[in-house]
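Understanding the architecture of this molecule
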Amino acid sequence: MTNLSTSSSYPTGPNYAPGPIGVAIVGTGFGQKVHIPGLKEYPQTQVVAVYHRDIDQAEAIAATHHIPLATDAIADIAKMAEVQAVSLSTPPFLHYEMAKPLLEAGKHLLLEKPTTLSASEAKELYRIANANSVVTAMDFEFRFVPPWQRFKEVLDDGYCGQIRLIKIDWLVSSRADASRPWNWYSQKQQGGGALGAIGSHCFDYISWLFGPVKRLCASLSTAVTERPDPKAGGQLKPVDADDSCLLMLELVEGTPIQVSLSSATYQGRGHWVEVYGDRGTLVLGSDNQKDYVHGFKLWGAPAGESLSELAIPHRLEFSKTYPDGRIAPFIRVVDNWVRGIEARRAIAPSLREGVYSQLLMDLTHESHETGTWVTVPHFDDYLARR
């Protein structure tokens, strides 16, 4: 069922035409917290439709956010002339089945991470997007956070010299409480777990900051093995999704990387990336446990000197910040996406980067299951392989 009672004058056609871009919202959890506010704030996007599997919920959300159209069918979104683009933030087990018909209909796509449940699914979406000349974006928002952008600039300028070691810690307490309810996040087969939630980000920014990975070795674990299911009267249900992940990686040029990820660490130190080189050291980090974007600072030290905080240039700062730190970088993701749509060209991070992140997640599971180092295939060869 689709509520089409509100007519509109939004641009039509499967791809972008000059004027505001009509965007449909698919996924109304994170979508209502970040995607809808961000897309409404951005001047060149117009939220014109919302999907929810329950039509009553869809219509209620549409009324709350003043969105003209509501539907409980992805097929309706694919057919709507008012919709040129879709922002998709449902749980990962729904990404492939929802994104595929939208891409086939020529809708530009902004997709939340993790990309899909497997690299093969992600690669198929990438091919469909290319075949239909649509512009895709992945919400790998750390690329758009000012201290991270400065970190990238300083690294590229050779501040550290020859890098000897990279160390990443992302230790938070979001899943430390065993009374937190059981849901899709508790299930490996539905894309739950710390690897998908935060490891997908790590794999993207490792590639962005340091280059491709040659091989990896991983160990996944689940500390909280049962959670109460509110839909079953609080009955405990088993958890098989990881809440901690330990990784060793080697870059193509030989640099080792040590990664510790956990969502089950009370008083965890937060999110830190440390780079040690023969000319200097860089440390980027935040101990903010309530907002994973706000709070990052950057420190540096030439070889033999003490660390000192490095200033973030005004040109990189957000023009506006929000109580929810995720909104400002999301708006930059949207801006990058819209520029790609306007120019009819691929941007990064796109589904290409999404495939890469998903490939490394698949290989992480393979390494854990086999107890061995796993070689990462050359990415262009992997993309070309049927």
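Residues numbered from 1 in each chain as written. Predicted model: local features only at pLDDT ≥ 70, side-chain atom pairs only at ≥ 80, totals over all residues. Heavy atoms only, no water.

Where charged atoms from two side chains of opposite charge come close, those side chains can pair. For the structure shown, the criterion picks out 15 salt bridges. Here the salt bridges share partners, and the residues they tie into one network are K167, D169, R269 and E274. (Salt bridge = Lys/Arg side-chain N within 4 Å of Asp/Glu carboxyl O.)

Looking at the element boundaries, E317 is found in the loop between β17 (308-309) and α8 (327-343). When the C-alpha atoms of E317 and R150 are compared, they prove to be 9.9 Å apart, with 167 residues separating the residues in sequence. Beyond its immediate sequence surroundings of up to four residues, E317 is in contact with P146, I312 and R332. (Helix = DSSP H or I, 4+ residues; strand = E, 2+ residues; numbered from the N terminus. Contact = heavy atoms within 4.5 Å.)

Before going further, it helps to spend a moment on the packing of aromatic side chains. The full count for this structure, using the stated rule, is ten aromatic pairs. Here the aromatic rings of F142 and W148 are separated by 4.9 Å at their centres, their planes lie at 45°, and the arrangement is tilted. Residue F142 shares its accessibility class with W148, and that shared class is buried. Through a chain of ring-to-ring contacts, the aromatic side chains of F142, W148, W170, Y205, Y292 and F296 assemble into a single cluster. Of note, R175 hangs over the ring of Y185, and the distance from its end group to the ring centre comes to 3.6 Å. Sitting above the plane of the W182 ring, K237 keeps its charged end 4.5 Å from the centroid. (Phe/Tyr/Trp six-rings, centres within 6.5 Å; stacked < 30°, edge-to-face > 60°. Buried < 20%, exposed > 50% of the residue type's maximum accessible area, 1.4 Å probe, protein only. Lys NZ or Arg CZ within 6 Å of the ring centre and 35° of its normal.)

Next up on the list: the packing of helix α1 (residues 30-41) against α8. Two numbers describe how α1 lies on α8: the axes approach to 9 Å, and their chain directions differ by 60°. One finds that α1 runs oblique with respect to α8. Regarding α1 and α8, the two cross each other, and that crossing is right-handed. Where α1 abuts α8, its residues K33, V34, H35, P37, G38, L39 and E41 lie against I327, F330, I331 and V334. (Axes fitted to C-alpha atoms, helices over the stretch in contact; angles between N-to-C directions. Parallel < 35°, antiparallel > 145°, perpendicular 65-115°, else oblique. Left-handed = near helix turned anticlockwise from the far one by under 90°.)

With that out of the way, let us pick up the confidence of the model for the chain. Overall, the predicted model of the chain reaches an average pLDDT of 94, with 95% of residues at or above 70. In the model, residues 1-17 has pLDDT below 50 throughout and makes 49 contacts with residues more than four positions away in sequence or in other chains. (pLDDT = per-residue confidence, 0-100.)

With that settled, the discussion passes to the sheet that holds strand β18 (residues 374-375). With mixed pairing, the nine strands of this open sheet are ordered in space as β17-β16-β15-β14-β8-β13-β12-β9-β18. Pairing within the sheet leaves two strands with one partner each, and these edge strands are β17 and β18. Two strands pair when backbone bridges link them, and strand β12 (residues 244-251) and strand β13 (residues 256-262) are joined in this way by seven bridges, in the antiparallel orientation. Opposite L246, over in β13, you have S260 as the bridge partner. Along the sheet, helix α7 (residues 194-210) makes contact with β8 (163-171), β9 (213-221), β12, β13 and β14 (270-277), crossing β8 at roughly 155°. Across the face of the sheet, helix α9 (residues 351-370) comes into contact with β9, β12 and β18 while running at roughly 60° to β9. (Pairing = 2+ DSSP bridges.)

Another point: the environment of R269. Assignment of secondary structure puts R269 in the loop between β13 and β14. Residues R269 and L171, spaced 98 residues apart in sequence, show a C-alpha to C-alpha distance of 5.8 Å. Dropping the residues within four chain positions of it, R269 is found in contact with D169, L171, E274, S286, D287 and Q289. Here the side chain of R269 touches D169 through a polar contact of 2.8 Å, side chain to side chain. Engagement of the side chain of R269 in a polar contact is seen with the side chain of E274, the distance being 3.3 Å. (Polar contact = N/O pair within 3.5 Å; in protein donor to acceptor, adjacent residues only side chain to side chain.)

Another point: the nonpolar core. I77, W148, F151, I168, Y205, I206 and F210 are the most contacted members of the largest nonpolar core, which totals 83 residues. A per-element tally of this core places α7 first, with eleven residues. If sequence neighbours within four positions are ignored, Y205 has contacts with F142, W148, I168, F210, H271 and V273. Grouped together as the second largest cluster of nonpolar side chains are 33 residues, I21, A70, Y322 and V334 included. (Core = buried A, V, L, I, M, F, W, Y, C linked by side-chain atoms within 4.5 Å.)

Here H35 lies in helix α1. For H35, a relative accessible area of 0% corresponds to the buried category. Separated by 2.3 Å, the side chains of H35 and S87 make a polar contact. Residues in contact with H35, not counting those within four places in the same chain, are I25, F30, S87, L88, S89, L110, E112, D139 and F330.

Glancing now at empty space enclosed by the protein. Tallying each qualifying case throughout the model produces one cavity of 30 Å³ or more. What the largest cavity holds in volume is close to 80 Å³. If you go around the largest cavity, the residues you meet are R175, Y185, S186, G193, T222, V224, R227, V239, A241, D242, D243 and S263. (1 Å grid on protein atoms, 1.4 Å probe; cavity = no way out; pocket = protein on both sides within 12 Å on 5 of 7 lines; lining within 4 Å. Points joined across faces, edges and corners; volume = space filled by probe spheres on them.)

A word on α9. With 20 residues, α9 ought to run about 28 Å at 1.5 Å a step, and its terminal C-alpha atoms sit 28 Å apart, in line with that. Downstream of α9 by one or two residues, G371 has phi in the positive range, about 70°. (Expected span 1.5 Å × (residues − 1).)

With twelve residues, α1 should reach 16 Å at 1.5 Å per residue; the first-to-last C-alpha distance of 16 Å fits that figure. When α1 is considered as a whole, its buried residues turn out to be F30, G31, V34, H35, I36, G38 and L39. Those residues of α1 that are buried lie in contact with β2 (21-26), β3 (45-51), α2 (55-65), β5 (85-88), β6 (108-111) and α8.

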